[in-house]
Amino acid sequence: MPDYAPVDLTGTDLVEFELNGRTVKAPAGTMLVDACAANGVEVPIFCYEPRLGDPLGACRQCLVSVEGIPGLTTACSTPVAAEMMVDTVSEEVREAQDGILELLLENHPLDCPVCDKGGECPLQDRTFRFGPGESRMVEPKRHFPKPLKLSPQIALDRERCISCYRCVRFSQDVSEDGNLTMSERGGRSEITTFTGDSYNGRFTGNVIDLCPVGALTSIPYRFTSRPWDIQNTPSVCASCSVGCNTELTLREGEIKRVQGRDEPNWQVEEGWLCNVGRWGYGADQAPQRLRQPILRDGGETRECSLEEAVAAAGLVLAHEAHTTVLLGGDVTVEEAFIAKELAAGPLPDAQVGSAGVVGAALGPLRALPAAQLGDIDGADLVVVVGGDPANQHPVAELRLRKARRAGARIVLVGPRAQELESLGESIRTAPGNLAEGLTSAVAQIATVKRPLVVWDELDLDAEPDAAVVLATALGDNAAASQLELTSEVNGAGLRALGVAPHSRLVDQDLGGVLAVRANPGAGPGGDAWNRALDSGGPIVVIASHHSELTERATVVIPCSSHFEHEGVLVTAGQRAQRLRPGAAGPEQSAPGWEILIALSHRLGVALEYRSPRSAFAAATASAPALSGLDYDTLGDLGAEIATSPASDVNGAGAPRAHDGEGLPLVTGRSVFGGPEAHLSEGLVVTATGEEAVLHPAEAARLNVADANLITLNSPNGECTVRLRLDPGAPEGAVFAVRGVPGGTVESLLAPDRAPVNVTVNTA
Amino acid sequence: MPQLNSVYRHRAADRVLTTVDTYRLSGGYLALEKALGEMTADELLYVFHRSGLRGRGGAGFPMGRKASFLPKDAQLAKYLVCNADESEPGTFKDREIMELNPHQLIEGMVLAGYAIGAERGYIYIRGEYEYQAQILDAAIEAARESGYLGSDIAGSKVDFDLTLYRGAGAYICGEETGLLESLEGKRGQPRLKPPFPAVKGLWASPTLLNNVETLAALPPIVENGPDWYAGMGTEKSPGTKVFSISGHVTKPGNYEVVLGDTTLRELIFDMAGGLREGRSFKACWVGGSSVPVLAEQHLDTPLDYESLQEAGTFLGSGGCIVMDDSGCIVRASLRLASFYRHESCGKCTPCREGTGWMENVLQRMVDGEGRMEDFELMEALFGRIGGKCLCALADGAVAPISSAIRLFRKDFVRVVSEGSPLPQPMSPQLEMSGGRANA
């Protein structure tokens, strides 16, 4: 966790003050703890956490002496001012800091040898540096039964708690679920939920990172490692396109833990992670993980070696007259680039397509100045168009809440009821009426200083006229910026490489298929895809997990997951960020890029890239949007890629027509019901499922009842799903959650996600 | 030893003043009519200022100055909050005002509200005061019906209304910011200051907080003029103050005295009837339990802020707890330590952990397991707890114990060295039956 807020010592608003007899500088108004840290002086803290809002001043650990202030004062809540004389090392200060630690440890069990936090514990570290060597208390310590399950993922040890309130403030003031609270008082104070239920939510795991002692620990992680036999690697989360910066913990060849970084990316996640980002690594160890290459020869299926599988893949693809390369939405830039090179060279007559939508009218919007998630903080008006950030791009929710707390106006416009509607003005639009619904937001964009539009790629792709309206409104305000929440994790990266969506290929003869992290049969138009795949040639699948596609494949080659390889993803805000391998992956697997290179050798035209680094260098040379970037410039925090030039928007004057009979279907996915949530052992208890949502009046008209299974039919397919009635849902439309493993909602959609209508019947 | 009944006007009137009519008969609401009709808010504020009235909750901060800290140009609504939590041990002065003379408090609040430009006031009353809450509720309703609360009060175009809010029984909610948190519906815990309530108080708006006795003193001040009030008492302690005497005295109760004119000895031995037959004075906590204890040598201290401070204690809330030689100072200290451990809200480390530790050490002493090194340990604890917290609760926990060990060290040493916590607390039954003094 970042203990201190970042301080910019290069600005022009610095004031001079005296720190332990030295004259130093810091921006006026910086809290003393941060100003001291920036000048190399550590003031110990526990409750202070700059990301939790105003200082609390409860733990009293940071008492320092400031001339002119009687007694000692808490450095966490005292802003620095010119000519202030600060002493953090005097005998009086030392005695006070030692005293607080003695009191903190008075009832602390000191069970460090069996505590998960031991070795990476701020209480241990600060006791060592600032505290007493022994206890003077002879009475028995306070005891509680322990540990309690605060949630299925979080264990609470009340004896270790030092009542710093960080977790409570996170719940109250950051995620704003308000459920964590302190009950009882004084020495009997304990963390609990207000409702008495389990502490469930989208971001609950952050309290583990925030806890400065071993009171809140991760149930999936606890007792699996010790800090001195783990290895930590900075990486990026690939659960959604937000691209939160993470730290991966490796032990015994496996990822044991994912946590926020000590030095967070202030432009992206600020150190917060959603629960799927935190515990989704469990999917890597799930039974569905591919651990062995598979060959299907006639009716026979057998396991084989990696080399044999690659050789077989080269063999079957080389013999096809033409081939198709299908890329998943989360392939790295390197994998996509090498796959393109394969298609351009050794693969016979190949075409390449990736998951995602065409987004014909989105060009002008994308060409506008791209904002980073961090820019939401400084906006005075945030318009959220479409989507459901809380479930689809979770950490964006925390930014929106933060902006609202800072006084920004939030306007939400979109075709579905969503989690964040209470954040501000909410305008729900009927499918096809998004442009009209934007009228008020557009008027407000013109009148404020720093408007920012957060928009959902899929919802605006369905209503291109709204995208044009938005682009025009934003273009008129020079200070306006836009932040695209892409549907595919590396959607922006694939676009930068010029990979077009594969929906255009579904009606063609696919020939031999090379699928890299792709599983179109489970995506939109799945039925059509499965027909095409079944009638085509041999299928070679490079994937990390079992899927419907690996079941039909001729050759299955297990590849690395995003925790196990190096590569670049271009995430929200068109930010290129580096994945780094935190673990090696199963023995019979290899990084995706390496498999593709090996395949090129087998196909007879060897590609010369020996590392992802060199593949990325070649990719940047070929793609103008990526030019100038390399692994070193991306570093730990990533960098923005160039904005794509505006494309032609002819024909974007109207929303796309809905195909089929019945009510318009609006879909959305939830990260919390996605593959990671369902495959990871730690998350499966809180994973959400597929459902359809109707307004009660609509359900009455359709004669379907709450909690019943209903059948939805579209021209593309059929799906059976449980119905939930919600008075908050818009009338005149059906909402359905897609993206749940094994679910069938996607099959209702067309391969290119063209809007559809569905008929609704009791199953 | 002049006594005065300016706050306790019902005593001068010889009857309870719980109805608007009885209160009016005793001159009630005249100050309100005069102030709202003839004076500007600033003139009224000046009257408060000039009277020298100091806050009667415990800290003794000049009321007029506190009121003037509210920003004049604030965009937010201003609030007046009356602290009727009266949770300081040994203090029951506000209770009598609310029970017998509630309209004087209401009138005082209208005056203060008008002076600071607030249209809404709250009375935060301690949860245990259920009966008093009923009386206040009825009085507020009656005042509203008679046009002394609500809009256009007494035809003056001034709006002000009151809401009574009952606490749930926490000492910390008598601390002003803890009270505000509780009033906002949150867990009662003190806030970091600054910002002070005058700038960012209730609902983050400018707020004036005053004790019941302070606010109830306003109507007589307006009626008789600030110079009348300032003329009483000493220069630094003007006016009258109510002392609540309890403990080993024969006539416990509330006594309103002119500050500086009465000594502690006169208060205990003349007004409160002195000690029981055959007993001698041992100790006294003069300003509630959160102040340093006094011993016999302090009995001739005049009761005013500065003299008591010179004697090493504080006037505090005026809750004077008297103990004669039948009590044990070690046990009394333990009882106080238990109280503060129980009431610590748990927000600040030194208070949460330190109050419990002090109690543990004293409990050990009482259990006959004290050690001589405990004196050194306690001294260290006092330093590590006192002055290190957000609010004054921990300081209040340290003060009576550290002073007791200093003043009555012999008693503590005897308990530690003889391993016997004598004498036991007395119960009236035991004494009447000639029971044991020692056990």
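The notes below deal with the structure included here.

Calculation notes
Residues numbered from 1 in each chain as written. Chains lettered and ligands numbered in written order. Predicted model: local features only at pLDDT ≥ 70, side-chain atom pairs only at ≥ 80, totals over all residues. Heavy atoms only, no water. Pairing = 2+ DSSP bridges. Helix = DSSP H or I, 4+ residues; strand = E, 2+ residues; numbered from the N terminus. Polar contact = N/O pair within 3.5 Å; in protein donor to acceptor, adjacent residues only side chain to side chain. Contact = heavy atoms within 4.5 Å. Phe/Tyr/Trp six-rings, centres within 6.5 Å; stacked < 30°, edge-to-face > 60°. Buried < 20%, exposed > 50% of the residue type's maximum accessible area, 1.4 Å probe, protein only. Lys NZ or Arg CZ within 6 Å of the ring centre and 35° of its normal. Buried area = accessible area lost by both parts, 1.4 Å probe. Salt bridge = Lys/Arg side-chain N within 4 Å of Asp/Glu carboxyl O. Axes fitted to C-alpha atoms, helices over the stretch in contact; angles between N-to-C directions. Parallel < 35°, antiparallel > 145°, perpendicular 65-115°, else oblique. Left-handed = near helix turned anticlockwise from the far one by under 90°. Nonpolar A, V, L, I, M, F, W, Y, C, P; charged D, E, K, R; others polar. Disulfide = S-S within 2.5 Å.

### What to know about the sheet that holds strand β28 (residues 639–640) of chain A
Residues and elements named next belong to chain A.
Okay, so step 1: With antiparallel pairing, the three strands of this open sheet are ordered in space as β26-β27-β28. Edge positions in the sheet fall to β26 (567–571) and β28, since each has one partner strand and no second.
Okay, so step 2: As paired elements, β26 and strand β27 (residues 575–579) share five bridges and run antiparallel to each other. Residue pairing in the sheet places Val568 in a bridge with Arg578 of β27.

### What to know about the side chain of Ser589(A)
All names here are of chain A.
Okay, so step 1: Assignment of secondary structure puts Ser589 in the loop between β27 and α19 (592–602).
Okay, so step 2: In terms of polar contacts, Ser589 uses its side chain to reach the backbone carbonyl oxygen of Pro586, at 2.8 Å.
Okay, so step 3: Every residue in contact with Ser589, bar those within four places of it in the chain, is listed here: Leu306, Pro558 and Cys559.

### Examining the packing of aromatic side chains
Okay, so step 1: In total, this model carries 12 aromatic pairs over all chains according to the counting rule given.
Okay, so step 2: Judged by centre distance (4.9 Å) and plane angle (70 degrees), the rings of Tyr171(B) and Phe339(B) are edge-to-face. Note that Tyr171(B) is positioned in the loop between β3 (161–166) and α9 (176–183) and Phe339(B) in helix α15 (residues 329–343), a separation of 168 residues in sequence. For the pair shown, Tyr171(B) and Phe339(B) are each scored as buried.
Okay, so step 3: Within the aromatic cluster, the residues linked to one another by ring pairs are Tyr23(B), Tyr29(B) and Tyr148(B).
Okay, so step 4: Across the ring face of Trp272(A), the terminal group of Arg51(A) is positioned such that the distance to the ring centre comes to 3.8 Å.
Okay, so step 5: The residue whose ring lies beneath Arg409(B) is Phe375(B), and the NZ or CZ to ring-centre distance is 4.6 Å.

### Overview of the interface of chain B and chain A
Often, the extent of an interface is quoted as the loss of accessible area upon association of its parts.
Okay, so step 1: Contact residues are listed per partner, giving 29 residues for chain B and 35 residues for chain A.
Okay, so step 2: Of the roughly 2700 Å² buried where chain B meets chain A, counting both sides, 50% is carbon and sulfur surface.
Okay, so step 3: Contact with chain A buries surface across chain B, with Glu353(B), Trp357(B) and Arg384(B) losing the most and accounting together for 28% of the total.
Okay, so step 4: Between the two partners, chain B and chain A, sit six salt bridges.
Okay, so step 5: A salt bridge links Arg364(B) to Glu139(A); the shortest N-O distance between them is 2.6 Å.
Okay, so step 6: Remark: the boundary between chain B and chain A carries 18 residue pairs in polar contact (both at pLDDT 80 or more).

### Notes on the packing of helix α4 (residues 41–51) of chain B against helix α7 (residues 102–116) of chain B
All names here are of chain B.
Okay, so step 1: Direction vectors running N to C along α4 and α7 enclose 120 degrees, while the axes themselves pass 7 Å from each other. When the interaxial angle is binned, α4 and α7 end up oblique. As for the relative orientation of α4 and α7, their crossing is left-handed in sense. In this structure, α4 uses Ala41, Leu44, Leu45 and Phe48 to contact α7, whose residues at the interface are Leu111, Ala112, Tyr114, Ala115 and Ile116.
Okay, so step 2: Taken together, the residues of the contact of α4 with α7 break down into nine nonpolar, no polar and no charged.

### Description of the state of the cysteines
Residues and elements named next belong to chain A.
Okay, so step 1: Throughout the structure, instances matching the rule amount to zero disulfides over all chains.
Okay, so step 2: Lacking any disulfide linkage, Cys167 is separated from the closest cysteine sulfur, that of Cys164, by 6.2 Å.
Okay, so step 3: A relative accessible area of 7% places Cys167 in the buried class.

### Concerning the sheet that holds strand β10 (residues 216–218) of chain A
Residues and elements named next belong to chain A.
Okay, so step 1: One open sheet holds the three strands; their spatial order is β6-β7-β10, and the pairing between them is antiparallel. Two strands in the sheet have a free side with no partner beyond their single neighbour: β6 (148–149) and β10.
Okay, so step 2: Looking at chain direction, strand β7 (residues 154–156) and β10 are connected through three bridges and run antiparallel. The partner of Leu156 across the bridge, within β10, is Leu216.

Nothing here speaks to function; it is geometry throughout.
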